[in-house]
Amino acid sequence: MPRRRLSESQIKRIRKIQERRRGRLDARAQIALSDDTETSAREGLVVVRHGANLAVEDQSNRVFHCLSRQNIGHPVCGDRVVWQPTGSQQGVVTALIDRRTVLSRPDYSGREKPLAANLSQLVVLLAPAPEPSEYLVDQYLVAAELMGIKAIIAFNKADLLDTDSLKGNRERFSRYEDIGYPCVWISTKDGLGLVTLSEKLAGETSILVGQSGVGKSSLVMALLPDRHIQIGRLSKATGLGRHTTSAATCYRLPGGGHLIDSPGVRSFRLGAIGFSELQMGFRELAPLVGQCRFADCRHDREPGCAVKQAVIEGQIHPERLARFQHLAHGSRT
Ligand code: GDP
Ligand code: ZN
């Protein structure tokens with residue numbers, strides 16, 4: 001039987017099929033190559049954690065649903081991680097990158113449990129009502145100092161203050177500015193000061209803390225007009241559902257920087273700390289530690305106390321020292 005001769009079009013078709021196969025092979029070789037840990041490992045940011053599920057954002061702001069390898073520790077919101085893709089929107093976290101800072105709170109057994117990582121700034125929110133408490137402010141500031149992060153004070157509902165009370169409050173809180181904590185006067189209602197505040201948030205990873213009713217929810221909404229879009233994007237990418245909003249979430253701010261928000265993070269408080277830590281938490285007092293006559297000076301009634309001397313000389317405000325003493329009486333050691 002004579003061999004059938006292939007028509008011109010059949011030859012073309014066969015060539016095409018082979019090309020396609022080669023193409024596929026090439027793609028497979030690429031995948032095999034990239035399966036190598038070195039080439040597929042990427043850095044990412046944990047934007048939500050819900051149990052074992054993580055939403056990880058890559059450097060081009062795409063979100064992947066990741067699970068974490070056991071034995072690498074417990075990634076939390078704000079953690080930088082090494083991860084590898086395992087699907088178009090999935091991946092596995094293989095390593096935790098060292099945390100620069102960590103915000104934690106004791107769990108039911110008293111062990112410190114991380115809530116958020118790599119924060120760089122605490123924003124203490126105050127308002128004319130509920131009545132501001134410097135005692136609470138100082139506790140937040142101590143927490144910030146001990147975490148090694150910046151702190152700023154934002155005084156909200158400035159629209160409720162007349163000229164005189166605005167002046168009075170400015171004077172009252174200027175003491176904090178004197179020791180290096182900026183104060184911003186804002187109103188989420190009429191937008192006053194929000195540009196100034198956004199400038200202070202740019203490039204930082206901040207959290208917002210303060211008493212109930214000072215306007216934290218209102219401020220989060222004002223700072224993140226696209227919050228629901230970001231939440232939708234996270235839940236769509238991860239399939240985790242909208243309940244993840246109860247977990248700490250790391251939002252991207254339109255003016256740059258991140259805001260980590262969740263009810264647990266907002267209501268965090270200074271835990272029990274020892275006397276020496278407390279001294280480090282008062283930034284104008286910390287440099288004087290070790291300069292008193294007695295090594296174990298409590299800066300109370302001891303002679304030759306460098307801290308008392310600094311109060312006399314006006315470097316430490318007497319009310320800050322009084323609140324330090326009050327906290328010291330409640331401290332462990
Ligand atoms: P949160 O408990 O700290 O989250 O406070 P909310 O955001 O729920 O606000 C508490 C109340 O203060 C609400 O009734 C808000 O409408 C009101 N509020 C928030 N910001 C402002 C503001 O800038 N000016 C005024 N006048 N009221 C505000
Ligand atoms: Zn002393």
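Residues numbered from 1 in each chain as written. Chains lettered and ligands numbered in written order. Predicted model: local features only at pLDDT ≥ 70, side-chain atom pairs only at ≥ 80, totals over all residues. Heavy atoms only, no water.

Trainee: I'd love a proper account of the coordination of the zinc ion (ligand 2), names of residues and values included.
Mentor: Within the protein, the atoms that donate to the zinc ion (ligand 2) are C292 (SG), C297 (SG), H299 (ND1) and C305 (SG), at distances of 2.2 to 2.4 Å. Around the zinc ion (ligand 2) sit four donor atoms; with metal-centred angles ranging over 102 to 114 degrees, the donor geometry is tetrahedral. For the zinc ion (ligand 2), the donor residues sit on a single chain with the sequence spacing C-x4-C-x1-H-x5-C. A single burial state applies to H299 and to C305, both of which are buried. (Donors = N, O, S within 2.8 Å, 3.2 Å for Na, K, Ca; no water. Tetrahedral: all angles 85-135°; square planar, octahedral: opposite > 155°, others 65-115°. Buried < 20%, exposed > 50% of the residue type's maximum accessible area, 1.4 Å probe, protein only.)

Trainee: Give a detailed account of the site of ligand 1, specifying residues and quantitative values.
Mentor: What surrounds ligand 1 is a group of 15 residues, the closest being D159, T188, G213, S217 and S218. In the environment of ligand 1, an oxygen atom lies 2.8 Å from a nitrogen or oxygen atom belonging to the backbone of K216. Protein burial of ligand 1: of its 580 Å² of free accessible surface, 68% is covered by the chains. In terms of residue class, the shell around ligand 1 is made up of two nonpolar, nine polar and four charged. (Near = heavy atom within 4 Å. Polar contact = N/O pair within 3.5 Å; in protein donor to acceptor, adjacent residues only side chain to side chain. Areas by Shrake-Rupley, 256 points an atom, 1.4 Å probe, with all protein chains shown as cover. Nonpolar A, V, L, I, M, F, W, Y, C, P; charged D, E, K, R; others polar.)

Trainee: Help me get a handle on the pattern of salt bridges, residues and values and all.
Mentor: As enumerated under the stated definition, the model contains 16 salt bridges in all. R175 serves as the salt-bridge partner of E319, at 2.9 Å between the closest nitrogen and oxygen. You can see E319 sitting in helix α11 (residues 318-329) and its partner R175 sitting in helix α4 (residues 163-178), a full 144 residues away along the chain. D261 serves as the salt-bridge partner of R266, at 2.8 Å between the closest nitrogen and oxygen. For the pair shown, R266 and D261 are each scored as buried. (Salt bridge = Lys/Arg side-chain N within 4 Å of Asp/Glu carboxyl O. Helix = DSSP H or I, 4+ residues; strand = E, 2+ residues; numbered from the N terminus.)

Trainee: Before we move on, could you go through the environment of A52 and cite the residues and values that matter?
Mentor: Secondary-structure assignment places A52 in the loop between β1 (42-50) and β2 (53-57). Remark: the alpha-carbon pair of A52 and L67, spanning 15 residues in sequence, is separated by 6.1 Å. Residues in contact with A52, not counting those within four places in the same chain, are C66, L67 and S68. (Contact = heavy atoms within 4.5 Å.)

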